[in-house]
Amino acid sequence: QVQLVESGGDLVQPGGSLTLSCAASGFTFMQYVMSWYRQAPGKERELVARSTSAGGSGVYADSVKGRFTISRDNAKNTLYLQMNSLNPEDTAVYYCNARRILAVRDTTYWGQGTQVTVSS
């Protein structure tokens with residue numbers, strides 16, 4: 001079955017760094033656009049970064065540009081998010097998302113999330 005398993009979330013001090021990973025299985029990873037979303041308490045889920053199926057430069061939310069880097073390893077079916085210069089506003093549950101639009105069929109998968117807490 002399809003699985004997206006996030007890991008790497010932790011408690012980190014402001015200014016610190018974390019790397020999140022998302023291990024995918026059960027679908028053809030390289031055919032999917034992979035993204036990271038986050039949801040803070042009381043807020044809507046928002047896009048953090050998106051990587052096309054081919055990789056290359058990602059698309060980022062303005063709030064994380066220059067601090068976060070999304071990457072993917074299609075050989076390992078894994079998506080990453082390198083997060084630097086973290087601040088308390090980055091505190092949220094981070095979700096991995098896979099999406100493929102083929103003709104009229106829109107297929108989307110979500111992971112269960114990993115908690116990132118930025119606090120001193």
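My aim in this report is to walk through the structure given alongside it, one point at a time. Bear in mind the structure is a predicted one, so any value in this text is a computation, not a measurement.

About the criteria used
Residues numbered from 1 in each chain as written. Predicted model: local features only at pLDDT ≥ 70, side-chain atom pairs only at ≥ 80, totals over all residues. Heavy atoms only, no water. Helix = DSSP H or I, 4+ residues; strand = E, 2+ residues; numbered from the N terminus. Rg over C-alpha atoms; globule rule 2.2 N^0.38 Å. Buried < 20%, exposed > 50% of the residue type's maximum accessible area, 1.4 Å probe, protein only. Contact = heavy atoms within 4.5 Å. Areas by Shrake-Rupley, 256 points an atom, 1.4 Å probe, with all protein chains shown as cover. Lys, Arg positive; Asp, Glu negative; His and termini not counted. Charge placed at Lys NZ, Arg CZ, Asp CG, Glu CD. Pairing = 2+ DSSP bridges. Core = buried A, V, L, I, M, F, W, Y, C linked by side-chain atoms within 4.5 Å. Salt bridge = Lys/Arg side-chain N within 4 Å of Asp/Glu carboxyl O.

What follows concerns the overall build of the protein. A count of helical and extended segments in the protein gives zero helices and 11 strands. A compact globule built from 120 residues would reach a C-alpha radius of gyration of about 14 Å, and the protein, at 14 Å, matches this within 12%. On the principal axes, the C-alpha backbone points of the protein span a range of 45 × 30 × 25 Å. Counting only residues that meet the buried cut, the protein has 38% of its 120 residues in that class. Taking the intrachain contacts of the protein between residues at least 6 apart in sequence as the baseline, contacts between residues at least 24 apart amount to 54%. Carbon and sulfur atoms provide 48% of the accessible area of the protein, an area that totals close to 6500 Å². Of the side-chain charges in the protein, 11 are positive and 9 negative, and the distance between the mean point of each set is 7 Å.

What follows concerns the pairing of strand β3 (residues 18-25). Burial along β3 is one-sided: the face carrying Leu18, Leu20, Cys22 and Ala24 is buried and the face carrying Thr19, Ser21, Ala23 and Ser25 is not. Sheet analysis places β3 next to strand β8 (residues 78-83), joined by six bridges and oriented antiparallel. Residue pairing for β8: Leu18 is matched across the bridge by Met83.

This part takes up unusual backbone geometry. Most peptide bonds adopt trans geometry, and most residues besides glycine take a negative phi value. In this structure, Asn77 is a non-glycine residue whose phi angle is positive, near 55°. Tracing the backbone through its elements, the reader meets Asn77 in the loop between β7 (68-73) and β8. The backbone of Ser85 shows a phi angle near 50°, a positive value even though the residue is not glycine. Its place among the elements puts Ser85 in the loop between β8 and β9 (92-102). By relative accessible area, Ser85 is classed as partly exposed at 43%.

Within the largest apolar cluster, 28 residues are counted, with the highest numbers of intra-cluster contacts made by Trp36, Leu81, Met83 and Tyr94. Those elements that provide at least two residues to this core are β3, β4 (33-39), β5 (46-51), β7, β8, β9 and β11 (114-118). The residues contacting Tyr94, other than those within four sequence positions of it, are Glu6, Leu20, Trp36, Tyr37, Arg38, Val48, Phe68, Leu81, Met83, Gly113, Thr114 and Val116.

Counting through the fold element by element, Ser120 comes out in the segment after β11. Given a relative accessible area of 84%, Ser120 falls into the exposed group. Through-space distance from the C-alpha of Ser120 to that of Pro88 is 8.8 Å; in sequence the pair is 32 residues apart.

Right, let's get into the pattern of salt bridges. Considering all chains together, one arrives at five salt bridges under this definition. Put simply, Arg38 and Asp90 hold a salt bridge, and the shortest N to O gap is 2.9 Å. Taken together, the residues Arg38 in strand β4 and Asp90 in the loop between β8 and β9 connect sequence positions 52 residues apart. Judged by relative accessible area, Asp90 falls into the buried class, the value being 1%. Several salt bridges share partner residues, and in doing so they unite Arg38, Glu46, Arg67 and Asp90 into one network.

Limitation: the analysis is restricted to geometry and does not speak to function.
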